[in-house]
Amino acid sequence: MIVTIDGVAASGKSSVSSGVAQALGVPYVSSGLLYRAVTLLGLTAGADLADASALLPLLPGVRLEPLASGNRVWNADHDLTADLHSTRVDGGVSTVAALPEIREWVDAQLRALPDPLVAEGRDMGTNVFPHAPHKFYLTASPRVRAERRAKERPEDIPAIEAALTERDRLDTTQSAPAPDARVIDTGPLTLQGVIDTILADLR
Ligand SMILES: Nc1ncnc2c1ncn2[C@@H]1O[C@H](COP(=O)(O)OP(=O)(O)O)[C@@H](O)[C@H]1O
Ligand SMILES: Nc1ccn([C@H]2C[C@H](O)[C@@H](COP(=O)(O)OP(=O)(O)O)O2)c(=O)n1
């Protein structure tokens, strides 16, 4: 069984997916980490982030490790995970995620994973796992999301809100909810409240 949890930036996708996956006793995968890893490797190599042919040669050693405690991304034996949520990676990742060749590479990594799993991102329910029987889409206002993310970034709330709104705009193409997804506004809910809403729906 595959459960897809898509949504806008900082809507709670990875925290909610982790809680749902732990309750179900299955792994979860954060697809955004793969786009972030490509971005980090591109930045480190000084590559043009809009040029897929410069990025693809950097990827043969990249591997996503789905773990209940939080996914990790490796480049050969180097763990990239701690460096994937910087403001610098945030600023470049939408450029990378717009490249069809990179999207194909990410999709292939995800589809190679064994069922069952919880998959989170932007296009899990529409593109990567369109036949998944259970689909959810998380939203919250830009201000609520910025307030949450301010606990994880050095910038102030208005700067984070502006960056999130811009990233939502750049990611619009791949971020439409699947027609058969249940849309959940996480604004008025606690994290556990969102997890419980999804688990109740699954039962
Ligand atoms: N009601 C809620 N629903 C989802 N996340 C919440 C909620 N309240 C607080 N959070 C927090 O919001 C932050 C962003 O969540 P995260 O899972 O990183 O989002 P995403 O994966 O969509 O970027 C996390 O620190 C998470 O714990
Ligand atoms: N399935 C996906 C997952 C992420 N992306 C892109 C869009 C996002 O700006 C980046 C990072 O996504 P991630 O979910 O890690 O981060 P945020 O929740 O947006 O902070 O990757 C995508 O295009 N498709």
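Predicted model, so just to flag it, every value in this text is computed and none were measured. (Residues numbered from 1 in each chain as written. Chains lettered and ligands numbered in written order. Predicted model: local features only at pLDDT ≥ 70, side-chain atom pairs only at ≥ 80, totals over all residues. Heavy atoms only, no water.)

On to the environment of Ala200. Inspection of the secondary structure puts Ala200 in helix α9 (residues 191-202). Sequence-wise, Ala200 and Ala45 are 155 residues apart; in three dimensions their C-alpha atoms are separated by 46 Å. (Helix = DSSP H or I, 4+ residues; strand = E, 2+ residues; numbered from the N terminus.)

The next subject is the site of ligand 1. Every one of the 16 residues lining ligand 1 counts as a neighbour, but Lys13, Ser14, Ser15, Glu152 and Leu189 are closest to it. Between ligand 1 and Arg148, the relevant distance is 3.3 Å, taken from a nitrogen atom to a side-chain nitrogen or oxygen of the residue. Here an oxygen atom of ligand 1 sits 2.8 Å away from a polar atom, N or O, in the side chain of Arg149. About the coverage of ligand 1: the protein hides 81% of its 570 Å² of free accessible area. (Near = heavy atom within 4 Å. Polar contact = N/O pair within 3.5 Å; in protein donor to acceptor, adjacent residues only side chain to side chain. Areas by Shrake-Rupley, 256 points an atom, 1.4 Å probe, with all protein chains shown as cover.)

In the numbering adopted here, UniProt assigns the feature "domain: Cytidylate kinase" (unreviewed entry) to residues 3-200. As a span, residues 3-200 carries 45% helix and 17% strand, and end to end its C-alpha atoms are 13 Å apart. (UniProt positions renumbered as here; feature names shortened; annotations may be inferred.)

Turning next to the environment of Leu113. Tracing the backbone shows Leu113 in the loop between α5 (100-111) and β6 (117-121). The spacing of Leu113 and Ile184 is 71 residues in sequence and 26 Å in space, taken between C-alpha atoms. Non-local contacts of Leu113, meaning those with residues more than four positions away in its chain, are made with Val29 and Pro66. (Contact = heavy atoms within 4.5 Å.)

Before going further, it helps to examine the UniProt feature "binding site: ATP" (unreviewed entry) in the protein chain. Under the UniProt annotation, the feature "binding site: ATP" (unreviewed entry) is placed at Gly7, Val8, Ala9, Ala10, Ser11, Gly12, Lys13, Ser14 and Ser15. The annotated residues that sit in the lining of the largest pocket are Ala9, Ala10, Ser11, Gly12, Lys13, Ser14 and Ser15. Looking at the secondary structure, you find Ser11 in the loop between β1 (2-7) and α1 (13-24). Of the residues examined, Ser11 reaches a relative accessible area of 1% and is grouped as buried. Setting aside anything within four residues of it in sequence, one finds Ser11 in contact with Leu138, Thr139, Arg145, Arg148 and Thr186. At 2.7 Å, the side chain of Ser11 and the backbone oxygen of Val8 are in polar contact. (1 Å grid on protein atoms, 1.4 Å probe; cavity = no way out; pocket = protein on both sides within 12 Å on 5 of 7 lines; lining within 4 Å. Buried < 20%, exposed > 50% of the residue type's maximum accessible area, 1.4 Å probe, protein only.)

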